[in-house]
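Analysis of the macromolecular model
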Amino acid sequence: MRAIVVSATGGPDVLIMAELPDPEPGPGEVVVDVAASGVNFADVAKRTGRMPEQLPFIPGHEAAGVVSSVGSRVSGVTVGDRVGWAWPGVLGGYAERVAVPAQWIVPLPPQIETSTAAAVLIQGLTAHYLSHAAYPVRPGDTVLVHAAAGGVGSLLTRMAKLRGGRVIGTVSTAAKEKYARDAGADAVIRYGEVDFAAEVARLTRGAGVAAVFDGVGRTTFDGSLASLAPRGVLAIYGQASGPVPAFETARLIAGGSLYLTRTSLVHYAGNREELLARANDLFGWVASGELTVHVSGQYPLADAGSAHRELESRRTTGKLLLIP
Ligand SMILES: NC(=O)c1ccc[n+]([C@@H]2O[C@H](COP(=O)([O-])OP(=O)(O)OC[C@H]3O[C@@H](n4cnc5c(N)ncnc54)[C@H](OP(=O)(O)O)[C@@H]3O)[C@@H](O)[C@H]2O)c1
């Protein structure tokens, strides 16, 4: 099979196509013939070495396709099933074939196209746990969603609206502002141009927001804390601008007994029941049209480097896919 292999960390040029033996399913595993793989920030972080990974490795935490063989001790999955997977602990999506532990396999309902599943699983499951569990948005809540035109951000905006919340989104450009409004944001702040915390105070008449969902990290952290109402929740789920520096916990009292959490999908979809329940909601909203999945670019697998350049450029609004 053909696969992208990273043998040394670095820029997009370290994503090199190689010919490898087809994977065999081990006990508890299935082999998936990949139809499309999702491109994520975590792939960039592993490629650069910011998130250490043992070399050499095949990147990719998310893909969808058709099961081509099933190992021993697997039940409920058969050859020919259309499936997806999205899991931080499973690598290898940038390939024609991948062996995946069956516990992380998500069956695809007939209404969900295979490429749609590859485009929505990681970001959709993340948006789901953030809006339903990390801070369960309640009707009437005002919440702040950073990078509201981003992959997680736009889906999270939509889900917070489905739960009856009012969403203030932040974005960097006019084109992204339109995208965030189309996703359902009630108000949008260009956080590169104004002090977003001051703008949040104005939009909430000084009350602040019940929760901030922050995948941006370093550049938004101070303003995110300042945007919260007393006892508000700051859920940091990513660091697109860099890691958040150490801080004094006394700042949480100063802001009004605030809550701070740093979240991972691992802890919110770590058992099969929870994973399938979130995926079921996600696919249901996609099938009913309540959630729109926007693929902004498809690249041949061999061109994975171009997809990474595009993602790192900060220009993307939807999902980038690799097609083997
Ligand atoms: N913890 C989890 O469970 C989990 C799961 C999935 C993803 N993540 C993480 O969440 C973050 C967002 O993921 P995503 O896939 O949804 O990406 P994304 O939102 O599509 O892209 C990140 C956005 O962050 C904004 N941004 C601000 N400063 C930036 C900078 N210096 N460089 C690049 N982007 C910057 C950009 O929006 P503007 O141009 O509008 O500012 C950009 O579009 C990533 O850090 C990812 O690793 C975490």
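Data block above holds the structure.
Now for a description of the structure that goes with this document. (Residues numbered from 1 in each chain as written. Predicted model: local features only at pLDDT ≥ 70, side-chain atom pairs only at ≥ 80, totals over all residues. Heavy atoms only, no water.)

Here's the deal with the site of the ligand
The criterion, for reference: Distances are taken per atom, and a residue is near a molecule or strand as soon as one of its heavy atoms is within 4 Å of it. Polar contacts, as used here, are pairs of N or O atoms within 3.5 Å; protein pairs need one atom able to donate a hydrogen and one able to accept it. Residues neighboring in sequence count only if both atoms are side-chain atoms. Under the convention used here, a 1.4 Å probe and the Shrake-Rupley method define accessible areas, while residue burial counts only the protein chains that appear. The helix and strand labels rest on DSSP assignments: H or I over at least four residues marks a helix, E over at least two residues marks a strand, and numbering proceeds from the N terminus.
What surrounds the ligand is a group of 24 residues, the closest being Gln-123, Val-152, Ser-172, Lys-176 and Tyr-191. Within the side chain of Lys-176, an N or O atom sits 2.6 Å from an oxygen atom of the ligand. Within the backbone of Leu-265, one N or O atom sits 3.0 Å away from an oxygen atom of the ligand. Starting from 900 Å² of accessible surface for the ligand in isolation, the protein chains cover 87%. Secondary structure elements with two or more residues in the shell around the ligand: α2 (114–134) and α3 (151–162). In terms of residue count, the dominant contributor to the shell around the ligand is α2 (4 residues).

A few points about the side chain of His-308
Keep this limit in mind: Throughout this description, buried means an accessible area under 20% of the type-specific maximum (1.4 Å probe, protein chains only), exposed means over 50%, and partly exposed covers the range between. By the convention used here, residues are in contact when the closest approach between their heavy atoms is within 4.5 Å.
Along the chain, His-308 falls in helix α9 (residues 304–312). A relative accessible area of 0% means that His-308 is categorised as buried. Side-chain polar atoms of His-308 contact the side chain of Arg-47, separated by 3.0 Å. A distance of 2.9 Å separates a polar atom in the side chain of His-308 from a polar atom in the side chain of Tyr-94. Sequence-distant contacts of His-308, defined by excluding residues within four places in its chain, comprise Pro-12, Leu-15, Val-39, Asp-43, Val-44, Arg-47 and Tyr-94.

Overview of the sheet that holds strand β12 (residues 228–236)
The following threshold applies: Paired strands are those between which DSSP finds at least two bridges. Here an axis means a line fitted to C-alpha atoms, over the contact stretch when the element is a helix, while the angle between two N-to-C directions is reported on a 0 to 180 degree scale.
Pairing is parallel across the open sheet formed by 6 strands, whose spatial order is β10-β9-β8-β11-β12-β13. The open sheet has two edge strands, β10 (187–190) and β13 (259–262), and neither has a second partner. On average, adjacent strands in this sheet sit at an angle of 15° to one another, irrespective of strand direction. Here strand β8 (residues 142–145) runs beside strand β9 (residues 166–171); their pairing, made up of 4 bridges, is parallel. Its bridge partner lying in β9, Thr-142 is registered against Arg-166. Relative to the sheet, helix α5 (residues 196–203) contacts β8, β9, β10 and β11 (209–214), its axis offset from that of β10 by approximately 155°.

A short note on the packing of α2 against α3
Helix packing geometry: the angle between the two helix axes and the distance between the axes. Note the threshold: The scheme is simple: roughly parallel for angles under 35 degrees, roughly antiparallel for over 145, roughly perpendicular for 65 to 115, oblique for anything else. Crossing handedness is read from the near helix: turned anticlockwise from the far helix by less than a right angle, it gives a left-handed crossing, and turned clockwise, a right-handed one. For this classification, the nonpolar set comprises Ala, Val, Leu, Ile, Met, Phe, Trp, Tyr, Cys and Pro, the charged set comprises Asp, Glu, Lys and Arg, and every other residue, Gly included, is treated as polar.
Interhelical geometry of α2 versus α3 gives an angle of 45° and a closest axis separation of 8 Å. When the axes of α2 and α3 are compared, the pair comes out oblique. Considering the relative orientation of α2 and α3, their crossing is right-handed. Taken together, the residues of α3 that come into contact with α2 (itself represented by Val-120, Gln-123, Gly-124, Thr-126, Ala-127, His-128, Leu-130, Ser-131 and His-132) are Gly-151, Val-152, Leu-155, Leu-156 and Met-159. Looking at the contact of α2 with α3, its residues break down into 7 nonpolar, 7 polar and no charged.

Focus: the pairing of strand β4 (residues 62–70)
Along a regular strand, successive side chains alternate from one face of the sheet to the other. Direction of pairing for strand β3 (residues 29–38) relative to β4: antiparallel, over a ladder of 7 bridges. The residue of β4 that forms the bridge with Val-34 is Gly-65. Pairing geometry for β4 and strand β5 (residues 82–86), over 5 bridges, is antiparallel. Opposite Ala-64, over in β5, you have Gly-84 as the bridge partner.

Quick word on the pattern of salt bridges
Pairing between side chains of opposite charge can happen when the charged atoms of each approach one another. Counted only if it meets this: Only one rule defines a salt bridge in this text: a Lys or Arg side-chain nitrogen within 4 Å of an Asp or Glu carboxyl oxygen.
Tallied over the entire structure, the rule returns 17 salt bridges. A salt bridge links Asp-33 to Arg-97; its shortest N-O distance comes to 3.0 Å. Residue Asp-33 is located in strand β3, and its partner Arg-97 is located in strand β6 (residues 97–101); the two are separated by 64 residues in the primary sequence. Looking at Asp-33, the relative accessible area reads 27%, which means it is partly exposed. Looking at Arg-97, the relative accessible area reads 25%, which means it is partly exposed.

Quick look at the pairing of β3
Extensive coverage of β3 is indicated by the burial of 7 of its 10 residues. Relative to β6, β3 runs antiparallel, the two sharing 5 bridges. When the sheet's bridge partners are listed, Val-30 is paired in β6 with Val-100. Sheet analysis places β3 next to strand β15 (residues 319–323), joined by 2 bridges and oriented antiparallel. Bridge pairing in β15 places Ser-37 opposite Leu-322.

Notes on the packing of α3 against helix α4 (residues 174–183)
Interhelical geometry of α3 versus α4 gives an angle of 35° and a closest axis separation of 8 Å. Residues Ser-154, Thr-157 and Arg-158 of α3 form the contact with α4, whose own contacting residues are Tyr-179, Ala-180 and Ala-183. Tallied by class, the residues present in the contact of α3 with α4 amount to 3 nonpolar, 2 polar and 1 charged.

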